[in-house]
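# Examination of the molecular architecture
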Amino acid sequence: MSRKPIIAGPALVLAAGFLVLFIAGGSRFAVGLTLRPIVDDLGWDRSDIGLAVAVFQFVSAGATFVAGQLADRTGLRLVLGGGLVVCGIGIGLMSFMVAPWQALLLYGVIYALGNGAASMSPVGVMVTRAFPTRAGFANAVAMSGMSVGQLMTIAVLAAALTLMSWQSIYLWLGVAHIVLVPMLLLMIPRKQSAHAPSARSDGGLNILAAAKGRQFWLLLVIYAICGFDDFFVTTHVVAFSQDRGVDAFLAGNLLAVMGLTGLIGVVAGGAFSDRFGPVWPTAIAFAARIVVFALVMIDQSPLSIAIFALVFGATFLVTAPLTIVFVAESFGMRHLGALTGFITMVHQVFGGLGAYLGAALFDSTKSYDAAFLVMLAASAVALVLTLMLKRPAAHAGAAA
C-alpha cells in the first residue's frame, strides 16, 4: 500500500504526456491527409495549403519556445490544458473555411498557438521531472503518443474521408481536443518539482551561455534539417503517392502506418539512448533517410513509395525525446524547458520551410523530384554534423 502513490504519480504523468501528444500528433497530420480534397473542392493551389503549414510551423515554433520557458517556471496544467483548448477551437473552425486566408488564420495561427503549447517541449520537461534517471526511455514512451496518434487518428480519418466530407473531419478533431482537457487536469499534479533529483539537476546553462559553445550550434543545425525533412514528407507524402497512382484510401493509410513504424523507432531510439547516448540513434536515423530519399528518386513505383514511407516513418520521431537528453547532458537541467523549446522552435521553423518548399517546387515543376534531391543533400549534411557532436564519457565507455 505504501508504494502506490510513488508508482501512481509518475505513471499518471507519463499517461498524461502520452495523451496530449496522441491528440496533438494525430490532428497535426490531418492537413496532409486532406490536402488534395481541399484543393480539389475549393479550387486552391497546393501552395495555399503549403503556406498555411509554413505559417503553422513558424507560429507553433514561437509558442513552443514560450511554453518551454513557462514549463521551467509554472505549473504544466495551464500550459497543456490551455493549449488543447486553443487547438480545438482553431482546428474545429477549419470546417468552415472557404478562402486561403482562413486556412492561414485558423491552422497557421490559432491552431499553431495551441499546438505549440501542447507540445513535446513542456511534455518533455514534465516527464523528465517524473523520471529523472530514465529520461530517454520515459520521454520516448510519452512521445510515442505522436506515433500512435498518427497511426490511429489518420487511419480512422482516412476511412472516414470515404464516408464524410473533409469539413466534418476537422469539426470532430476540434471536439476531441476539448473533450480531453478535463481528463488531463485530473492526471497532471498541481505542483511538480522544478528540479528533479539527478546528478545534473544542481545547475545548468541558459541559452546565452549555451550559445557560446559549438555543441549548441551543431544541435540547432541538426534539428533544423530534421524538421525540414519531417514536414516536407508528412505534408506531401499522401499527395505524392496519389500522383504516382496509389489509391486515395491506401495513400492516406501510408501516413497512418508511418505512425506505427514511428512508434517502433522512437521507443527503440529512447532505450538505445539511455544506454549509449543520443548521438548514435540520431546518426542512424539520418543514414536511413539518405537511403530512402535516394530510393524514391530512382524508383517511384508503389512498392518503393511504401518502403520510403515505412522507413522514413521509423525515423520521424527518433530525435524528439533525444532533444531532452541532448540538452540535459550538454547544458544541465536548470533551463531544460527553455533550451529544448528553443531547439524545437528551430526544428519547427525549418519544418515550415520544408513544407512550403515542397509545395512551391511542385507547383513550378509539377514534380517532387527536385524537393527529394534537396532533402537527400540536407540529410547527408545532418549525418556528418551528428557525428561531430560531443559525447559524455559514460556513454562513450558504454559504446566501447
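- In the nomenclature of an unreviewed UniProt entry, the chain is known as MFS transporter of Pseudolabrys taiwanensis.

### Some remarks on the overall build of the chain
- When helices and strands are counted, the chain shows 18 helices and zero strands.
- In terms of overall dimensions, the chain is globule-like: its C-alpha atoms have a radius of gyration of 20 Å, near the 21 Å expected for 400 residues.
- Its C-alpha atoms put the chain at 55 × 45 × 40 Å along the principal axes.
- With 400 residues in all, the chain has 56% of them scored as buried.
- Once local pairs closer than 6 in sequence are excluded, the contacts in the chain between residues at least 24 apart make up 86%.
- Carbon together with sulfur atoms contributes 72% to the accessible area of the chain, which is approximately 15200 Å² in total.
- Considering the chain, the positive charge centre built from 21 side chains and the negative charge centre built from 15 side chains are found 18 Å apart.

### Quick notes on the nonpolar core
- By size, the foremost hydrophobic cluster in this structure holds 123 residues, and its most contacted members are Ile 49, Leu 80, Leu 84, Tyr 170, Val 233, Phe 308 and Phe 372.
- With 17 residues, helix H11 (residues 214-243) is the largest single contributor of residues to this core.
- Looking at which domains feed residues into this core, each of domain 1 (10-187) and domain 2 (207-391) gives three or more.
- With near-sequence residues (within four places) excluded, Leu 84 lies in contact with Val 20, Ile 23, Ala 118, His 177, Ile 178, Leu 180, Val 181 and Leu 184.

### Brief notes about the domain arrangement of the chain
- By domain assignment, the chain separates into domain 1 (10-187) and domain 2 (207-391).
- Placing a centre on the C-alpha atoms of domain 1 and another on those of domain 2 gives a separation of 18 Å.
- Domain 1 puts 46 residues into the contact, and the matching count from domain 2 is 52 residues.
- The contact between domain 1 and domain 2 buries some 4000 Å² in all, and 72% of this surface belongs to carbon and sulfur atoms.

Cut-offs used in this document
Throughout, residues of each chain are indexed from 1 in the direction in which the sequence is written. The predicted origin of the model limits local features to residues at a pLDDT of at least 70 and limits the giving and counting of side-chain atom pairs to 80 or more, whereas totals for whole chains, interfaces and linings rest on all residues. The basis for every side-chain value is the complete set of heavy atoms in the structure, and neither hydrogens nor water enter the calculation. In this text, helices come from DSSP runs of H or I with a minimum length of four residues, and strands from runs of E with a minimum of two, each type numbered from the N-terminal end. The quantity called the radius of gyration is restricted to C-alpha atoms. Its globule counterpart is 2.2 Å times the number of residues to the power 0.38. Three exposure classes are used, based on accessible area relative to the maximum for each residue type with a 1.4 Å probe and protein chains only: buried under 20%, partly exposed in between, and exposed over 50%. Here, residues are in contact when the closest pair of their heavy atoms is within 4.5 Å. Shrake-Rupley sampling with a 1.4 Å probe provides the accessible areas, and residues are treated as covered by the protein chains on show and by no other component. In this charge count, Lys and Arg are treated as positive and Asp and Glu as negative; neither His nor the chain ends contribute. Where a charge sits is defined by one atom per residue type, namely NZ (Lys), CZ (Arg), CG (Asp) or CD (Glu). The nonpolar core is taken to be a set of buried Ala, Val, Leu, Ile, Met, Phe, Trp, Tyr and Cys residues, with the residues joined through side-chain atoms within 4.5 Å. Note: domain ranges come from an automatic or database domain assignment. For any pair of parts, buried area is found by adding up, for both, the accessible area (1.4 Å probe) each one loses once the two are put together.

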